[in-house]
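Chain by chain, the residues:
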Amino acid sequence: MQALSQTIDARLAAAQDHVDWQRAEIVVRAWPRCAECHPAERSAGVLTAILAEIDLDLETNPMFAGATGGKPGHIMTMPEYGWGADGQARIEVPDLCAVIDAEMVPTAIQDYIDQNGFGGHHSYGHLAVDLERVVHGGLARIIAACDEHAGRGDADAQARRRAMATACRAVIAWAQRYAEGAEQRAARESDPLLAARYKRMAQACRRVPALPARTLHEALQAVVLCHLAQHIEGHGLSVSLGLLDRVLAPFADEAVGNSPDTAELFEAFLLAIHANGVHGRFSKTQCVTIGGADATGRDCCNATSEAILRAFDAVRVPDPHVFLRWHPALNAPVANVAYDMLLRGVSMPLLVNDVPTVAGFERLGIATEDAWDYCVIGCNELGIPGRACETAMGPGAIHINVVHAALCEELAPQSLSQWIERYEMRVEQQLRKQVAGFVAQRDRHAQERPTPFTSALMYDTVERGSDCANGLRYRTPASYERGLSNAVDAMAAVDALVFHGDVSMDALRAALRGDWPDESLRQRFLAVTAWGNDDPQIDAIARRILDARHRAGDRVAAALGLPGLLYCHVVRSLHHMAGKTLGATADGRHAGEALGDSLGACSGRALAGPTAVLGSVLTLDPARDYGGGTNLNLNLNPQGMRLDHLRALVEGFFIDGGQELQIACVSAAQLRDAQCHPERHRDLLVRIAGFNARFVELSALEQQEIVARAEHVC
Amino acid sequence: MTTTLRINRIQRCCFHDGPGIRTTVFMQGCALRCWWCHNPEAQVAGGGAERAPDDLAQELLRDRRFWDRSGGGVTLSGGDPLLQAAGAAQLLARLGAAGVHRCVETAGMVPVAAVEALLDVVDLWLFDYKHADPADLRAATGADRGHIEANLTRVLESGADLRIRVPVIAGFNDTPAAWEAHAQRVGRFQAPVELLPGHDWGRGKGGVDPRRCSVDDTVIAGFAACLRRYGIAIWENESCRP
């Protein structure tokens, strides 16, 4: 890590989590002034007020301007949505939730929330804007486009366009505030190096994001400001940074050789993104995607791709996180840097395969050239910058819940086929309700809580005068799933022991109601081969479940006039949340226990080793089954493993059609040492399920899960 | 005639049992009784599961995608696979026909006919040579040095690719005197040597001797230096160093 990065990192490490009411106070004051406006203009007016008043932070990071609060570690308050701790934050960072829970909400803000709160703590996120227009076009050009189209469309479209222009002006004015602040800071700085940095910051903010960037620094500065402005506007979680190396390609010459200056630039950039909290230390899952091919098959890596990876390796922050798009002709040096990082236990980059991913988007009618522009927009969810960002729809089919409910119907199923038929019927009912609910929710967002700045950075929205919540080029609602491995294991066990064995259905249902009072019976269910062991008979059950899910989903999509649904199997910490409210299940799981933490085997059940996990997953058809993204945790014992082994595992999986891999090469012994001596392992990053975290900052629950996962590696 | 194999277990994705990513088949039955053995359950001939070679080959081939990209393949280990030479030969022939790289790991305490039966179907022999002193070897393992050396010589005479493997065990062969004797004896075979540090992973396991067998890095370095002085090449991290 460069010296400047170490200084910034130390400042961030010293920051205490704290609630920052400033944004909320500004909103409460500004809202009444805009109350009678069109909702988009009200949003733009409120954003203007926030960016005009919000404290600047010029001290934490002298390389890049921009902060969502006056000092790092703050919990940003968005009363337009509400107040409280995110359910996932409660699982992942419980001590942070204690800070939130202990806070007394000021009366004026509470009154405002009671009258205007939209529910939740922030807007929907899970999006990637078109950074090309931020870096190479500039916001002034967007404002000009808004003016050019001013009279088109109905009054609603015209108001939204005006709001987009206002919001862009607000961000430009915010940059000017930073420019002024940086000039003053430079003037009183005695250290010439630091003064020069502030002067460069000031010069950059005088130009970007209003105008096109001319240098790598200006480009990154434009990205920081516009990225953080989306957070401030209200998208608290999962605002992606899109295809960063492609956006920076025109400045790649500056990154050739990855000099200390380049390394310093990228490291400071990542720390600037990392520093700005929504919920303090709680991961916002801001994803950077690099690599990949374009529609002609050309590899898109450039000198910034490697520089970005090396910066991630150096700063070891859990958030942002980085995905490398793999394809058969991926730039070898970039791939080698990635494999080397993974082998050293960095737990990044995550890997996603272009071939099935693009096929998945094309299957839904997305144009080929758009499909090849895909990126990761959240934990693992896939989208297309500025064009398709509806992958994460919140609640979706939790396979094991549906399978369990079908098993517990008054008249129990008598065969696997009958059970799957009932599953299909239940999934269809659920999807019908949820997809319609999701579409309505996005429409309501556009109507009541539009985000005009974020919308201005999307494709087509200025021309159409639409909001990004429901007005992107592609409308692709998804089913957001979990618990496939539990469902397969439950069906395999019941098929072997009940439908074709000596356990009566009554005995099983009694055992489930009593949370497995007879441990010997539970052990029999656990002894049946599970998903993730490359057993064709077991893997065929997964195929049957997903075929049934498809039939149900296709009927739902057809009824809504959609080309299909994008299915995701993304877990993050939701497997804990889902498990807490689910009783005992036929896969041998006790009531309240977590579900499987990825598309791979349930914890402790991958007895045939990692290649068998990959073998099972390869029986799926990712383009059809999980076009919206999956997370597949693959723990590998680093002892004796070399880079060529790792490369063979990755390429063997991807060439045969695998979609996504999140590899952890960390031994259980190393993790246990970190539990005993956290001070020695502050930089130990682990991949949980949909986010990275510093192991020592995780809750005891999450730590134990990671240790158990590592212990079960062959 | 098809002969069945008795299998203790199959371990996929191994990095230690030959080149590349390997699937290791631990076969049932061993003539030796090494006190540090981590797989005592594989020593007896009668246990394990019975498998037909063709059926087993089909299952093993499921990892082929990873072997092909890493230069890996299948390793027969044990127990000692040469104690089931007929079935092993059928399995290895089947794998060879499919173009799979094949290793056999043996302690060499097997009938010479078993060695002869496998000479044409093994791509790399991983041949244990645990101790140069016949009395110490017999006391700790029950093996006969002369018999092992005769089999080792037979494999080498066939021109087969061979690596001598030495488990380095605390209290057994971890002294400079033992290294010196080893180097003098092994040097005659003109084959590279791979030193395998003993480890204590299996000590909690039923049937495993509770004595510590692990050695530290300085023992391995000392042993390797001694072998090098005798001109013996050391195999380390899948590459051979003079």
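Residues numbered from 1 in each chain as written. Chains lettered and ligands numbered in written order. Predicted model: local features only at pLDDT ≥ 70, side-chain atom pairs only at ≥ 80, totals over all residues. Heavy atoms only, no water.

Counting its secondary structure elements, chain B contains eight helices and ten strands. Computed over C-alpha atoms, the radius of gyration of chain B comes to 17 Å, within 12% of the 18 Å expected from 2.2 N^0.38 for 242 residues, which places it in the range of a compact globule. The burial tally for chain B puts 54% of its 242 residues in the buried class. Within chain B, counting contacts between residues at least 6 apart in sequence, those at least 24 apart form 70% of the total. For chain B, the accessible surface area stands at approximately 9,800 Å², while carbon and sulfur atoms represent 51% of it. With 27 positive and 29 negative side-chain charges, chain B shows a separation of 3 Å between the mean positions of the two kinds. (Helix = DSSP H or I, 4+ residues; strand = E, 2+ residues; numbered from the N terminus. Rg over C-alpha atoms; globule rule 2.2 N^0.38 Å. Buried < 20%, exposed > 50% of the residue type's maximum accessible area, 1.4 Å probe, protein only. Contact = heavy atoms within 4.5 Å. Areas by Shrake-Rupley, 256 points an atom, 1.4 Å probe, with all protein chains shown as cover. Lys, Arg positive; Asp, Glu negative; His and termini not counted. Charge placed at Lys NZ, Arg CZ, Asp CG, Glu CD.)

Turning our eyes to something else, we now look at the interface of chain A and chain B. Counting from both sides, the interface comprises 23 residues of chain A and, opposite them, 15 residues of chain B. Each partner contributes to the roughly 1,700 Å² buried at the junction of chain A and chain B, and carbon and sulfur atoms together form 60% of this total. In terms of surface lost to chain B, no three residues of chain A exceed Thr611(A), Arg642(A) and His645(A), which account for 28% of the buried area on that side. Here chain A is connected to chain B by seven residue pairs in polar contact (both at pLDDT 80 or more). Every element with two or more residues in the side of chain A that touches chain B is listed here: helix 28 (610–617) and helix 30 (643–655) of chain A. With seven residues, helix 30 of chain A is the largest single contributor of residues to the side of chain A that touches chain B. (Buried area = accessible area lost by both parts, 1.4 Å probe. Polar contact = N/O pair within 3.5 Å; in protein donor to acceptor, adjacent residues only side chain to side chain.)

Attention shifts here to the domain arrangement of chain A. Residue and element names in this part refer to chain A. Under the domain assignment used here, chain A contains domain 1 (3–285) and domain 2 (474–631). For domain 1 versus domain 2, the distance between C-alpha centres works out to 40 Å. Between domain 1 and domain 2, a total of about 560 Å² is buried, with carbon and sulfur atoms accounting for 56% of that surface. The largest per-residue losses of area from domain 1 upon contact with domain 2 belong to Gln88, Ile91 and Glu92, which jointly make up 75% of the total buried on that side. At the boundary of domain 1 and domain 2, one finds one salt bridge. Its salt-bridge partner being Glu92, residue Arg572 comes within 2.9 Å of it at the nearest N-O pair. Where domain 1 meets domain 2, there are three residue pairs in polar contact (both at pLDDT 80 or more). Its residues assigned to classes, the side of domain 1 that touches domain 2 shows two nonpolar, four polar and one charged. (Domains from an automatic or database assignment. Salt bridge = Lys/Arg side-chain N within 4 Å of Asp/Glu carboxyl O. Nonpolar A, V, L, I, M, F, W, Y, C, P; charged D, E, K, R; others polar.)

Residue and element names in this part refer to chain A. Here we have three strands laid out as an open sheet, ordered 11-12-13, and parallel in their pairing. Edge positions in the open sheet fall to strand 11 (478–481) and strand 13 (629–630), since each of these has one partner strand only. Relative to strand 13, strand 12 (residues 566–569) is paired through two bridges, and the arrangement is parallel. Looking across to strand 13, one finds that His569 is bridged to Thr630. (Pairing = 2+ DSSP bridges.)

To continue, consider unusual backbone geometry. Across the junction of Asp319(A) and Pro320(A), the peptide omega takes the value 10 degrees, indicating a cis bond. Counting through the fold element by element, Pro320(A) comes out in the loop between helix 15 (303–315) and strand 7 (321–326). The residue after Gly78(B), namely Gly79(B), is reached through a cis peptide bond having omega 20 degrees. Looking at where Gly79(B) falls in the secondary structure, it is placed in the loop between strand 4 (73–77) and helix 3 (85–97). Although it is not a glycine, Arg316(A) sits at a positive phi angle of roughly 50 degrees. Here Arg316(A) lies in the loop between helix 15 and strand 7.

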